[in-house]
Every structure is written in C-alpha cells, then in structure tokens.
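Secondary and tertiary structure notes
Below are the chains, spelled out letter by letter.
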Amino acid sequence: MISEMSGFRVRFWGVRGSYPTPGPQTIRYGGNTTCVEVEVGGHILVLDAGSGIIRLGDELLQRAAGRALQMTLLITHGHSDHLLGLPFFAPLYQPEVSIAFFAPRLAGREVKELVTPLMSPPYFPVDMHRLPSQRTFHTLTGEEKLIWRVGKEVPALSAKRQHMRAGEVHVSVHLSNHHPLNGSAVYRIEYGGRKLVFATDVEWQDHCEPAFLAFIEGADLLIHDAQYTPDEYNTDKQGFGHSSIVMATEAASEAHVSQLVLFHHEPTHDDEKLDALQEEARKHFTQTSAAYEGLEINL
C-alpha cells in the first residue's frame, strides 16, 4: 500500500541516545531512543529502530487498518540504542506487511546478519526467520541511490549520479567513519524540491569534513547529533562518536541549511537542561530546535 499522503512530513518517535530514559524528568522531550518516521511522496520511510519504533509500529498498523502496508527501514549503524526496539515492532508480526531493510556493511556484516541475531534464540524467544511479514535486506556501499519512481512501492537501486524526475523520491547515503568502531550512515531524502538530512552519531575533530558539508549543503531540514555540551565534549567525550551543540550549529551554518533540529540527546540531560541547550544553540544558529517525541515538521 502506498500511503495516501503525498507530501513530505517528518515525525519524531524517539530522540535520545545511548539508552532509554523514561521518567518525570524527560516528560516533555521524551525518553525513547532514536526513531524518525518520514512520510514522503506517499511512501513510509523509518530512520533507525530505537525504542521509539515500538509506538510507531502500533500507529502504523492503526493507520493501515488491515490493508497491505509497505515500508522502508533505513538503519544508520548497529549500536543497540538504534536497534533495541526492533523485536517489539508490531508490523513484523503481520502477514500483510512488507519491510525493506537498508544499512551499510558493518564489521564485515551484511544488513541481514546485523538484525537477525536480535530476534533469534537465545537472545529472543521469537525467531525472525519465522515471522509472517515479508522482509528484504539490502546492504549499502554509499555509491548507490534509492529511487522510488512514480507509482512504484519498492525503491530501485541506481547510480548516485541519477537525476531526479518529477514525483520521485530519492535517498542518498554518506558513510561516515567517525563513529566508533565501524562508522555510521548519513541519509539524505529528497522529494519535490525539498531535502532532509539525518545525521546522527557523527563527530568532527577540528572541522567538518568537506564531503559531509557537500552532502548536507542547502538542506531544508538537518537533523544532527548534538549529544553533548561543549564542556562535556572537551572534558571527556572526545572520540565517542557524537557532536556537541556547537558542532551541530557550525555544520548547519557552513552548509547553509534552512532549519536545524538537535538530536540524539544525552540521557542524563533532563527537560530543563535541553531547554537551556536549545536556547544556547539558537545564539549560534537562529533556526534551531531541540527534537522531542511527537514533533512533526512539514517540508
């Protein structure tokens, strides 16, 4: 089923990094780990499968109301905070659901090898191989582009230089080597002259890499890792594979993006701390917001 929505809408279901932090101190921003839904050109794309994907799964099945449901799951990397919700993603257990998994090769493993152990004994009581949903697995090298052509539910893998035609949805991949130990994928989604970039779990030592800046150049919306304060980063967080709020605002400014959303919040930062970080970030890049569960942005 192609969604009836033909616009470009972004919904945040999980915005934390490292581990879930439910409780009274995280009510406004939320405590679930990374998961962002993108409804674009009538297609459903899901960015990462942290604990936020659990509620998303229930919502997707309610919307489908028993009809066939086709979706694409774009995985940035294999760390647990980006995958821990997958075994509890309700659409996996429905025969009318088709899910296409995409991820880079990590530690020499293809995407199927990456996700299958999460739902295999002795780590989980249900074996993924026996699930009733339809699943396909695709490993990305960074040299290809995913293209949803008009009227097609399933993306085609094409050369990165492929030009966009009216009505198509394009997803490009930039592979970053700065997240220990195996890197992370940055995704760019384009549709109808609009551009979204999802850049979680990235870190820049002295200055943003030219290749990364070129990849995010002119984005209408940049979702960027901003886990640490500058003091936290400079004191003892260097090399952890995450950015500070200053690093995120510098990337947004240098790449001339229109809107920045701070993402992958430090689990020890409560709502008041995130309020303060949002205000501080706005001093460096005015069009900045801190991601919270339930946030929706129409591009």
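Located above this text is the structure these notes cover.
In what follows, the accompanying structure is described. (Residues numbered from 1 in each chain as written. Predicted model: local features only at pLDDT ≥ 70, side-chain atom pairs only at ≥ 80, totals over all residues. Heavy atoms only, no water.)

Observations regarding the packing of aromatic side chains
Two measures describe an aromatic ring pair: the distance that separates the ring centres and the angle between the ring planes. In total, this model carries six aromatic pairs according to the counting rule given. A ring pair is formed by Phe 8 and Tyr 191, whose centres lie 6.4 Å apart and whose planes are at 65 degrees; its orientation type is edge-to-face. Of this pair, Phe 8 sits in strand E1 (residues 8–14) while Tyr 191 sits in strand E10 (residues 184–191); the two residues are 183 residues apart in sequence, bridging distant segments of the chain. With centroids separated by 4.9 Å and ring planes inclined at 20 degrees, the aromatic side chains of Phe 101 and Phe 137 adopt a geometry described as stacked. Linking Phe 101 in strand E5 (residues 97–104) with Phe 137 in strand E6 (residues 134–140), this pair joins segments that are 36 residues apart in sequence. Overall, Phe 101 belongs to the buried group, its relative accessible area being 0%. An aromatic cluster is built from Phe 12, Phe 198 and Phe 263, whose rings are joined through pairwise contacts. Over the ring of Phe 215 we find Arg 188, and its NZ or CZ is 4.4 Å from the ring centre. (Phe/Tyr/Trp six-rings, centres within 6.5 Å; stacked < 30°, edge-to-face > 60°. Helix = DSSP H or I, 4+ residues; strand = E, 2+ residues; numbered from the N terminus. Buried < 20%, exposed > 50% of the residue type's maximum accessible area, 1.4 Å probe, protein only. Lys NZ or Arg CZ within 6 Å of the ring centre and 35° of its normal.)

A closer look at the environment of Ser 98
Relative to the helices and strands, Ser 98 is located in strand E5. Taking the relative accessible area as the measure of exposure, Ser 98 reaches 22% and is therefore partly exposed. The spacing of Ser 98 and Leu 86 is 12 residues in sequence and 15 Å in space, taken between C-alpha atoms. Not counting the four nearest positions on each side in its chain, Ser 98 is found in contact with Leu 69, Gln 70, Met 71 and Gln 134. (Contact = heavy atoms within 4.5 Å.)

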